[in-house]
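Geometric and topological summary
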There are 2 protein chains.
Amino acid sequence: MTKNPFGVNLTFLPSLNPPDFPAYTRVILEEGIRIVETAGNNPGPIVKTLKSANCIVLHKCTTIRHAQSAIKLGVDFLSIDGFECAGHVGESDITNFILLGRARQSLGGVPFIASGGFADGQGLAAALSLGAEGINMGTRFMCTVEAPIHQKVKQAIVDASETDTELVMRRWKNTTRLFRNKVTDEVVKTEKESQTGKFEEVAPLMSGKRGREVFIQGDVDYGVWTAGQVIGLIHDIPTCDELVKRIEREAEETLSRASSLVVPRPKL
Amino acid sequence: MTKNPFGVNLTFLPSLNPPDFPAYTRVILEEGIRIVETAGNNPGPIVKTLKSANCIVLHKCTTIRHAQSAIKLGVDFLSIDGFECAGHVGESDITNFILLGRARQSLGGVPFIASGGFADGQGLAAALSLGAEGINMGTRFMCTVEAPIHQKVKQAIVDASETDTELVMRRWKNTTRLFRNKVTDEVVKTEKESQTGKFEEVAPLMSGKRGREVFIQGDVDYGVWTAGQVIGLIHDIPTCDELVKRIEREAEETLSRASSLVVPRPKL
């Protein structure tokens, strides 16, 4: 898809069948990838391996405490992920307005990008204002011409409102924001009513295999799939080129308009 | 406290002893107040009275649907209140990054200010970027020299982190963000464990009278009191004059720095 540099993500999370992360890391390095985003719990040993191979490592996190730990581990960059995000929102529910401000105040100048809640140039201008170096977009890029997912999924994002996501798995301290559908309704019901509180009761519903089928077949109710609150801000399916150029233009116009509100003070 | 124009707030919420709102409204008009902020459920009849007396009416809301209804009722201005806010966050948990963006897209140009999550000029610049006309600050002004509350409460805000708030009352669809203390711990426990689900079980804890004592006596554990996630961004107790001037300066510097990132494109 590109001849330009790109990075890969390694996410460490509770899993019924945990991936072989050291093997993944070896392949990443063998293939010459030099930008890696880590996310989730305790990236320590992997970060060490990546840094000793001269990779640029970003760590994505939903709390300032985790960001500070990651800096001690030697990461180069943080990705600050607010409560509005798709997927794993963490357990403290701090929104990006607060989290980005705290990152600016407390990460000792280590650079960070803003993740969760971004779809347009106004959002980019706001993130830059709060101290971020840029924005990270997942849900918005899912809804582009090039995204290798079924057209019906893209259309579902366009049709959805900001209230059409659901938080699940809080009971197991692995809270995840998903597109609300028949399956998430069932997960929420089981999560609320289960007497045993065993994860196994919802595991078949939360299956990644079923989720992947949604993207292939286009039946948005077949399994769980992640989406951020930002679905409410997405209204079309542009090419990536159109999207990025539009965001750039909007950000420039936004900053220019906001700056024009400044009333010059007399110097005397 | 001021000779300049000011407004008052009228909040319509479920209450054990509902205030006499029409009487409040009469007093507001008799006293010559011409700016009123309404909030909470169904402000319809009161908005009509206020508008026919030529008041400027702002309605504060946590959803776009309610903002659109308020516009139909004739309000002049919206106050858009994100999930990070103090007090009543609503039931849909949409953060200000999303909610302000949606307001810009869907309120047909009716102006709005941003509420919830603001303490500094970087936040103001971000809110302006997202389309707001300004910001509304509650928690931040509580932590000023002039705020008529006990010094120990102000110090508690300075000492707190962004994770030191608690959501209560979700069970009764009246979700409220409060400063986390011994009383909110007890409310959360009762809310979770109560077999009857009767509000009366937590009512003595949620008492406004006890909350007011916190502000007078300075014992932050005596009752419930509201605070936003923004407590994590508040680190001092300036005068209002210092605070407002600092925010203005920070916003100008922020917009100027962000604008300097724009690379002029060749015209040819």
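Everything discussed here concerns the structure shown above.
Heads up: these notes are all about the structure in this document.

Calculation notes
- Residues numbered from 1 in each chain as written.
- Chains lettered and ligands numbered in written order.
- Predicted model: local features only at pLDDT ≥ 70, side-chain atom pairs only at ≥ 80, totals over all residues.
- Heavy atoms only, no water.
- Phe/Tyr/Trp six-rings, centres within 6.5 Å; stacked < 30°, edge-to-face > 60°.
- Helix = DSSP H or I, 4+ residues; strand = E, 2+ residues; numbered from the N terminus.
- Buried < 20%, exposed > 50% of the residue type's maximum accessible area, 1.4 Å probe, protein only.
- Lys NZ or Arg CZ within 6 Å of the ring centre and 35° of its normal.
- Least-squares fit on C-alpha atoms with pLDDT ≥ 70 in both.
- Pairing = 2+ DSSP bridges.

**Section: the packing of aromatic side chains**
Inspection of the entire model under this criterion finds 14 aromatic pairs over all chains. Between the aromatic rings of Phe97 of chain A and Phe118 of chain B, the centroid separation amounts to 4.9 Å while the plane-to-plane angle is 65 degrees, which identifies the pairing as edge-to-face. Pair noted here: Phe97 of chain A is in helix 4 (residues 96–106) and Phe118 of chain B is in the loop between strand 6 (112–115) and helix 5 (121–130), and the two residues belong to different chains. Each member of the pair, Phe97 of chain A together with Phe118 of chain B, is buried. Where Trp172 of chain B meets Phe199 of chain B, the ring centres are 5.7 Å apart and the plane angle is 80 degrees; that geometry is what we call edge-to-face. Linking Trp172 of chain B in the loop between strand 8 (165–168) and strand 9 (176–179) with Phe199 of chain B in the loop between helix 8 (182–193) and helix 9 (208–217), this pair joins segments that are 27 residues apart in sequence. Judged by relative accessible area, Trp172 of chain B falls into the partly exposed class, the value being 21%. Using a relative accessible area of 22% as the deciding quantity, one classes Phe199 of chain B as partly exposed. Following the ring pairs from residue to residue traces out a cluster consisting of Phe97 and Phe118 of chain A together with Phe97 and Phe118 of chain B. Looking at Arg177 of chain B, its charged tip hangs above the ring of Phe83 of chain B, at a distance of 4.7 Å from the centre.

**What to know about the relation of the copies chain A and chain B**
The operation relating chain A to chain B is a screw motion whose rotation component is 180 degrees, with 0.0 Å of axial translation and a residual RMSD of 0.0 Å. Considering both components of the superposition, the chain copies are consistent with a two-fold axis. Of every C-alpha in chain A, the one belonging to Ala126 of chain A sits nearest the axis of rotation, 2.0 Å from it.

**A look at the sheet that holds strand 7 (residues 135–136) of chain A**
Residue and element names in this part refer to chain A. One open sheet holds the 6 strands; their spatial order is 1-2-3-4-6-7, and the pairing between them is parallel. Only two strands of the sheet have a single partner each, and these edge strands are strand 1 (8–12) and strand 7. The sheet contact formed by strand 6 (residues 112–115) and strand 7 spans 2 bridges and is parallel. Across the sheet, the residue bridging to Ser115 is Asn136, located in strand 7.

From the geometry alone we can't say anything about function, so treat these as descriptive.
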